[in-house]
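Residues per chain, in single letters:
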Amino acid sequence: MARFPGRSWAPSDPGAAGSTAASRSTGTAAGSPGGRPHGRHQRSRTARSAPARVRSVAGQVFALQVLVVLLLVVAAVIALVVQSRNDARQEATNRSVAVAQTYANAPGIVAALRSPDPTALLQPSAQSARINAGVDFIVVLNTDGIRLTHPNPARIGQKVIGNYQPALAGQVVTEQVTGTIGSLVQAIVPVRAPNGQVVGMVSAGITIANVSSASERQLPVVLGAAAAGLALATGGTALISRRLKRQTRGLGPAEMTRMYEHHAAVLHAVREGVLIVGDDGRLLLCNDEARRLLDLPPDAEGRPLTELGLDPAPLELLADGRTVTDEVVLAGERLLAVNVRPTDRDGGPPGSVATLRDSTELLALSGRAEVAQRRLRLLYDAGVQVGSTLDVTRTAEELAQVTVGRFADIVTVDLADQVLEGDEPPSGGSLRMRRTALAAVRDDAPFYPVGTVQEVAPSTPLAGALSSGLPGVEPRLADAAGWREQDPEAAARVLAYGVHSLVRVPLKARGVLLGIARFWRTEGSEPFEEDDLALAAELVAHAAVCVDNARRYTREHAMAVTLQHSLLPRSLPEQNALEVAHRYLPAQAGVGGDWFDLIPLPGARVALVVGDVVGHGLHAAATMGRLRTAIHNFSTLDLPPDELLGHLDELVNRIDLEESATGGSAAVTGATCLYLIYDPVARRCTAASAGHPPPALVRPDGSVVFPELPTGPPLGLAVLPFETVELEVAEGSRLVLYTDGLVEDRERDIDEGLELLRAALTGPPRTPEQTCADVLGAMLPERPQDDIALLVARTRGLPAEQVAEWEVPSEPAAVAGVRAAVAERLERWGLAEAAFVTELILSELVTNAIRYGTGPIKVRLLLDRSLICEVSDASSTSPHLRYAATTDEGGRGLFLVAQFADRWGTRYTATGKVIWTEQPLE
């Protein structure tokens, strides 16, 4: 049994004054059986009368009191020393200031400072004043901080070290510094002229060691008084310690503390029952846990074990007194692990001490810890696995897969149709749900398959959860009737399958109700409890945020795709010059700014365009649409490729300036473009590039070349004009235009990509459609990181019999000959019905060329999808359509041309201009 501090358990001598009191305090006679056991041998008088040791309480008290006296003495000495130093520092400060001010106010100082050689006048007097004043230095400074005097002449003329600026403002500066002569205090005072102007400064200083203090002279007296006090305190402390030693029986503080800690820890801190049984079978001590485990009465201490109503098994172990280690016995409904040890080891009192542990509670506690660990692991795995993609359906499937078999036997996730489409469900909870994910430990679960649309009945618990957004648990489905109203037949199948418990948790994120997740348990699993509801809510909360993120991404992606598809050409215009096929593949990261186009031009020519705006998303798609529209507008002017790219570059610069002016940061810099015009009559291509990869030309024999184009800088960065290159293109060749997403990837550079493209294009002749399929099959990355635009055009030539040309003399009489030749050619082409209109148009155009243009004048007829008339001359003056007044004799020619022709216009060439018209053949 533990002892209490301050109480002696050793028996006193017979007749001692303290024996009666000791007997009354223990409840029995000292040393009698049944008294309080003691835990140490009694010491002899010789041992008890030994001098106090430091390990005993008396010895430690003696040492502590002596230490306190010493600390007081040391503190007094330190305080005296500190005071002495403070007095010395203050004395040094006062003396330095007084000397500096005295010298600064001495007669002749101002005049000496203003003299041509102040050092010669001031150095002797400064040295004399320093010696007389007993300071270490007096230094005179000018207003720039330059020493004019100094005890060491070598330092005269050097700048002083220290803060002298306040002295120039008329203040006195004092500071303590450590110099070459030791720690000192220096003062800097201003020297004022009669008008109050500061004309110089005087610095005086003295080392602290040279200043004596009265406190230092008191130090021997203090030390003597301290020694006397220490002697008196030591004597008194020795007397007190001797008395304390007798009262504590020489016990050390460690022994007394150990006994107290043992008592507190065993009886109160541990979750074990503790009993101390005497050698006579009486219960001497028991703690609260032992009372609870054995159901002991309140007055159990002091009574025999046989009178406490214990079960036979624990009574036998406790009364036997033998050593027992973790022996499990049945006590009521508890399984107790019992340990028994004797207390008479090392001279202790006879008896035994027993400890009891409830193994049933330990088993339950370990089970709860295991469940908590599994739940933490499930939460961790859900945080890692759920939401790995920005796909709504995939996120719902991940929630079902990570929880099935670990938290529930069957998991279903239903989402509103609007969520799957990227939209926000209507407020108030959607009553129309689509089965998005289903996972079960077995394949024959009687639940609706994925994709089933379910109308939620308004009065069911499912509808209530969707309306309130609160989770719910049904521990026993067989006893709950509300959930069956949704589908009684399906509910009967679910119960027949063995499902007995349900947890439903709405998927809610950022105030939006997205759907509901339901967890089901079947036979062989424990019913759901309230703790499971909290875990399910945490799992679904994380999944709901991931689903909402995926929903928002789906919505924005759909918006970007819709915008991009509306901006890209849905179908290419019909024309006869090229047989065209195209492909467009968006990147997996989202839509981008790649585009392609085919634009018919006058003269049976066709323009091919590919471009790329750096970046992805709505801004890239919108920028692509703006550039594509601009190219269409510029192409109506029938500009050469280099001029068209120049206008496009100016447009990009204006767009960037508008973005900067409005505070935007989405510049277009980085857009590239390749513009190519094919002429089926001349069978030539003219092309210009703005930072775009070169086209591939596949000749009729199957060989592939990449024409060397002067690649200009990207749009918006051009500092020099773009250049145009002309290429001879044989009929049946294939022009392949593409964006860099086809030939460039993270795993390959552009040179490697061009070689792969060459290998894919090389070979026997193929249709443009087959060429597109072969190229993408050979080069398409598994996960495209960039958009890919591919345009393949096989060239066709306009047959020579469908082209007619005449050179016209610059005489009005030549018009009749041209009309006759044109009528004859139209008759040969079977277009006699169009002869009258064509003659009228050509008469007006040729007449204007003769009258206003310069030679040579040429006329060309082209029979293509329409009848094309072209009149060219060497003048660059363009005719303008105007409306003539009724009194005008002329000015109606172009008006008539515009009325009879389907289209007309002007294009400029290197040698002049061409006026053209198109007439439909129907």
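These numbers were taken from a predicted model, which means no experiment stands behind them.

Colleague: Quick question: what am I supposed to make of the overall build of the protein chain here?
Modeller: Secondary structure summary: the protein chain contains 25 helices and 31 strands in total. Classification of the 922 residues of the protein chain by burial places 43% in the buried group. Counting contacts in the protein chain only where the partners sit at least 6 residues apart, residues at least 24 apart contribute 61% of the total. Total accessible area on the protein chain is roughly 46300 Å²; 54% of this is exposed by carbon and sulfur atoms.

Colleague: For this particular structure, what's the right way to read the nonpolar core?
Modeller: When a protein is soluble and globular, its nonpolar side chains tend to lie buried together. Grouped together as the largest cluster of nonpolar side chains are 51 residues, with contacts concentrated most on Trp-595, Leu-608, Ile-631, Leu-645, Leu-648 and Tyr-675. If we ignore the near neighbours within four places in the chain, the residues touching Leu-645 are Cys-673, Tyr-675, Ala-688, Ser-689, Ala-690, Leu-715 and Phe-722. Counting 45 residues, the second largest nonpolar core, distinct from the first, contains Leu-415, Ala-437, Leu-462 and Val-540.

Colleague: Please clarify how the sheet that holds strand β8 (residues 334–342) should be interpreted in this entry.
Modeller: Two modes of strand pairing occur in sheets, parallel and antiparallel, and in both the strands are linked by backbone hydrogen bonds. In space, the 5 strands of this open sheet follow the order β6-β5-β9-β8-β7, with antiparallel pairing throughout. Looking at strand neighbours, the two that pair on one side only are β6 (283–286) and β7 (324–331), the edges of this open sheet. The average undirected angle you get between the axes of adjacent strands in this sheet is 25 degrees.

Colleague: I tried to follow the pairing of strand β20 (residues 684–690) on my own but got confused; where do I start?
Modeller: The side chains of a regular strand alternate between the sheet's two faces. Summarising burial for β20: 6 of the 7 residues are buried, a large majority. Where strand β19 (residues 672–679) and β20 come together, 7 bridges link them in antiparallel fashion. The residue of β20 that forms the bridge with Cys-673 is Ala-690. Once β19 ends, the chain turns through 4 residues before running back antiparallel as β20, passing Arg-683 with a positive phi of about 55 degrees. Pairing between β20 and strand β24 (residues 725–728): 4 bridges, direction antiparallel. By the bridge assignment for β24, Cys-685 is matched with Leu-727.

Colleague: Honestly, a nonpolar patch on the surface in this entry has me stumped. Any pointers?
Modeller: A contiguous nonpolar patch, built from Leu-64, Leu-67, Val-68, Leu-71 and Leu-72 and spanning about 480 Å² of accessible area, is present on the exposed surface. Checked against the element boundaries, Val-68 lands in helix α3 (residues 57–104).

Calculation criteria
- Residues numbered from 1 in each chain as written.
- Predicted model: local features only at pLDDT ≥ 70, side-chain atom pairs only at ≥ 80, totals over all residues.
- Heavy atoms only, no water.
- Helix = DSSP H or I, 4+ residues; strand = E, 2+ residues; numbered from the N terminus.
- Buried < 20%, exposed > 50% of the residue type's maximum accessible area, 1.4 Å probe, protein only.
- Contact = heavy atoms within 4.5 Å.
- Areas by Shrake-Rupley, 256 points an atom, 1.4 Å probe, with all protein chains shown as cover.
- Core = buried A, V, L, I, M, F, W, Y, C linked by side-chain atoms within 4.5 Å.
- Pairing = 2+ DSSP bridges.
- Axes fitted to C-alpha atoms, helices over the stretch in contact; angles between N-to-C directions.
- Patch = residues over 30% accessible without salt bridge, like charges linked within 9 Å, V, L, I, M, F, W, Y side chains within 5 Å.
- Salt bridge = Lys/Arg side-chain N within 4 Å of Asp/Glu carboxyl O.

This is a description of form; function is not addressed.
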